[in-house]
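Below are the chains, spelled out letter by letter.
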Amino acid sequence: MQGVHERRGPRGHGGAGPGNGRIGRACTRVWRQRGRRARWVITAASHLRRYPDQAGQGERTDPCHPDHRGVRGAPTLFCTAQVPGTAHLAPHWHLSADSLALWTQDPSCQCQGDPRRATQPCWSPRLACSARLCRMEASPEPPLQGRGLVLVRRQPPASKGLLETLKARLWQSCTCSVPRAQALVQDLVPATRWLREYRPREDLAGDIMSGLVIGIILVPQAIAYSLLAGLQPIYSLYTSFFANLIYFLMGTSRHVNVGIFSLLCLMVGQVVDRELQLAGFDPSQDSLRPEDNSSALNSSTTSLVLGPQGCGRDCHAIRIATALTLVAGIYQVLMGILRLGFVSTYLSQPLLDGFAMGASVTILTSQLRHMLGVRVPRHQGPGMVISTWLSLLHSLGQANLCDVATSAVCLGVLLAAKELSDRCRHRLKVPLPTELLVIVVATLVSHFGQLHRRFGSSVAGDIPTGFVAPQVPDPRLMQRVALDAVSLALVGSAFSISLAEMFARSHGYSIRANQELLAVGCCNVLPAFFHCFATSAALSKSLVKTATGCRTQLSSVVSAAVVLLVLLVLAPLFWDLQRSVLACIIVVSLRGALRKVRDLPRLWRLSPVDALVWGATAATCVLVTTEAGLLAGVLLSLLSLAGRTQRPRAALLARIGDSAFYEDATEFEGLVPQPGVQVFRFAGPLYYANKDFFLRSLYGLTGLDAGRSAAMRREPGSEGAGGEGGPVHGKAPGSVNSRVRLVPVAAGFHTVVIDCAPLLFLDVAGMATLQDLRRDYQALGVTLLLACCSPSVRDALRRGGFLAEDQGPEEEQLFPSVHSAVEAAHARHGELMVADSAL
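Numbers given for residues are sequential positions, taken from 1 along each chain in its written order. Whole-chain, interface and lining totals are the exception, using all residues; otherwise, since this is a predicted model, local features are given only for residues with pLDDT of at least 70 and side-chain atom pairs are given and counted only at 80 or more. With hydrogens and water stripped out, all remaining heavy atoms of the structure feed into the side-chain values.

Here we come to the packing of helix α11 (residues 401-423) against helix α12 (residues 434-449). Viewed as axis vectors pointing N to C, α11 and α12 meet at an angle of 155°, and their least axial separation amounts to 10 Å. Classified by the angle between their axes, α11 and α12 sit roughly antiparallel to one another. For the element pair α11 and α12, the recorded crossing hand is right-handed. Facing C410, V413, L414, A417 and K418 of α11, the residues of α12 in contact are T434, E435 and V438. Axis geometry follows a simple rule: fit a line to the C-alpha atoms, using only the stretch in contact for helices, then measure angles between N-to-C directions, giving values from 0 to 180 degrees. Helix and strand definitions here come from DSSP, where helices need a minimum of 4 consecutive H or I residues and strands a minimum of 2 consecutive E residues; each element is numbered from the N-terminal end. In what follows, roughly perpendicular refers to angles from 65 to 115 degrees, roughly parallel to angles under 35, roughly antiparallel to angles over 145, and oblique to any angle outside these ranges. Each crossing gets its handedness from the near helix: less than a right angle anticlockwise from the far helix is left-handed, clockwise is right-handed. The criterion used for residue contact is that any of the two residues' heavy atoms lie within 4.5 Å.

Before going further, it helps to spend a moment on the pattern of salt bridges. Salt bridges are defined by distance alone: a side-chain nitrogen of Lys or Arg within 4 Å of a carboxyl oxygen of Asp or Glu. For the structure on display, the rule yields 23 salt bridges. R480 is the partner of E275 in a salt bridge, and the nearest nitrogen-oxygen pair spans 2.9 Å. In this pair, E275 is assigned in helix α6 (residues 262-278) and R480 in helix α14 (residues 475-480), connecting sequence segments 205 residues apart. Among the residues examined, E275 registers a relative accessible area of 4% and is labelled buried. Any residue under 20% of the maximum accessible area for its type is buried, any over 50% is exposed, and the rest in between are partly exposed; the area is computed with a 1.4 Å probe on protein chains only. In this structure R480 comes out as partly exposed when scored by relative accessible area, which is 46%. Among the ionic pairs, D776 bridges to R775, the shortest N-O distance being 3.8 Å. Classification of D776 by relative accessible area gives buried; the value is 7%. Overlapping salt bridges bring together R274, E275, R480 and D484 as one network.

A few words now on the sheet that holds strand β14 (residues 650-655). Spatial ordering of the open sheet is given by β15-β14-β16-β17-β18-β19, a layout of 6 strands whose pairing is mixed. Of all strands in the sheet, those bounded by a partner on one side alone are β15 (662-664) and β19 (814-815). With respect to the sheet, helix α28 (residues 818-838) is in contact with β14, β15, β16 (677-682), β17 (751-755), β18 (783-787) and β19, its orientation differing from that of β18 by roughly 155°. A pair of strands is considered paired only if DSSP assigns at least 2 bridges between the two.

This next bit is on the environment of I511. Locating I511 in the fold gives a position in the loop between α15 (484-507) and α16 (513-525). Excluding its chain neighbours within four sequence positions, the residues that come into contact with I511 are T252, S253, A500, E501, A504 and E516.

The terminal C-alpha atoms of helix α23 (residues 626-646), which comprises 21 residues, lie 30 Å apart, in line with the 30 Å expected from a rise of 1.5 Å per residue. Here α23 has its buried residues at T626, G629, L630, A632, G633, S637 and S640. Viewed end-on, α23 has its buried residues packed into an arc of 160°, placing them on one side of the element. For α23, exposure combined with an orientation more than 90 degrees from the buried face picks out L631 and L639. Packed against the buried residues of α23 are α6, α9 (349-372), α15 and α22 (608-623). By definition here, a helix of n residues has an expected span of 1.5 Å times n minus one. In this context, the arc is that of the directions from the helix axis out to the C-beta atoms.

Okay, structure coming up:
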């Protein structure tokens, strides 16, 4: 810049004097431009813009403004004048020292004290007429306050009271307007939002292809899964049709397929068998004779409101299933309304995998009787799997050879096709519809070979076409199955939300867990009036849906159309389909869940606790019941979480060379311990369950039981009052053993620094523990300092009275880093030593 002359200021005026942070200064001579004085206007970017001054005459140089004298660091300049021509700018400007600022030469304007704390204008309002320009060159060093960093806390916003907050939220929720109504409808029915943005050219082809493939796969699986639920195949088709349509409207995931799920079918079937047995029916009788199925189904539509005497086995079975489904759906809808989507996150992935493994073994066991063609009682209660296996062994001589041969052939074909499909999945654009081909071929063979009449092979029977009139589920049955619906709702919600989140992460979009609960709940509540049973998201069909090019949930409409075609036209064609074929389809679908047992060794290497949860859940499902397995898994997961926080890792830290970082001295070599300072890290929260372990770890690692030593000092007549010179019996400082009996020792240190970075939270018991620990250390002449406290921990310490005024300033108790706390401890100890030597 021409006409600018720089000179260093004297000490105390921004020069190299002490405390000024190497602040330089230069004064600028005013330019003459065509007989007018140039003035400068401050812009929003803290730059200076030249502005001609009509009134400016002459040329002179003014001294720099001295009001920053004695201010350490970079002073903040305040400008309260409104500069002409800058009406669009704010009237107050905060300029750092490395910015160019225009100062006034008004002699009446004088700053009192520190300009950073000035509350009234220190510069003249005639800023636009100034004749001098000053430039400050700031040091890159941060502002210092004494020897520590200056940390200015933001003022939190004024919090409203609970009553005011509730009133505001109630008023906001009760306020009705057209935009709010539209937003509410779009939130409850997300299809109304994304359908307007649908791109037919990019998405329609993939949605149609995936919908057709899923519909083709869905029909045989729906017919097969009816065996698990102990219901007629027509009810599985009803369930698949309504679930696809409802989730299309209400779901937030683009790729999840919601429909019948093997685990839920198993849980529904167990409740149906129990209630059938209590009602006087034989659970081992899967259905009436094939020729009587149609009449039994028709009678169910007129006798749903009657007791068990008014309808047959199939009628009462669907009544139980619809009542169970309605209650489970109500639970899920309530969870969504109450924003309880986070509850499903407590069902961890090892728990869900173990539950799937145990339930798969149970499903496999239940389908063996269909594959062998034997009639065995359907056992209930604990030990169901073992009892079923024993019954199968006793009835093995009565196996139907036709069903055994059919099962062997179908299993071989299905497994070979699945293995081939897995190996060639990168080459195949569309997965092979193996199940549908097997069903078509098996139905033709059974029909023309007359396997049912000649060999007594069990077949599906008559599957009527059309829909049955809706009916209200029985309230008495709903009361009986209310407890069973809890586990059903939790399992369905957990699988649905976890699958939705998995596909959302892999495809780069987000889902709403609470809306997913509402969607899955409505998929159970509304279809329950149309003779449907429980549904949730299914992993296998969702993977196929993604692999075949699905882009949106419009593919669910195509799948529902395929199921509707079967319901209206093609259902009677499956009359001669053997049940053994359906059982083979179910068993092959369990291949993925049964393969998870191979992940157990890897899971054990990663986390033995998670592997224990996996194994315990699977074993309890197999040996007891699926509900007990789910409960055992949840309890073990919570206990493992509590155990990890109850006994976290504790260690003494040492310095890494000459750096400002500290690490575990027992884990790394070559660390430098700090003389007279013990740095303790407790890698977990401090609360009522682990406060004793916290003290035992600290006392054992430092070699000093502060509580006991302080108590002995307070008791002058105690036997050990003067015996603080002995170490811990048989233990050296640095070892932790909860069983060792610590005795008073001489403190070989003067300060204990607790690294609070891993400290997640404090409760009342943890706060009392820290206060008692500081009191005991003070009695022994040891200082307790805290470092790296999170804002929540600092607030808890402040509210709990730990940072009371009688304990000194807060900055002398809490430090931003471990190194700053260690340096402060050494400095404080040095000052005390100097004071003692002077005395």
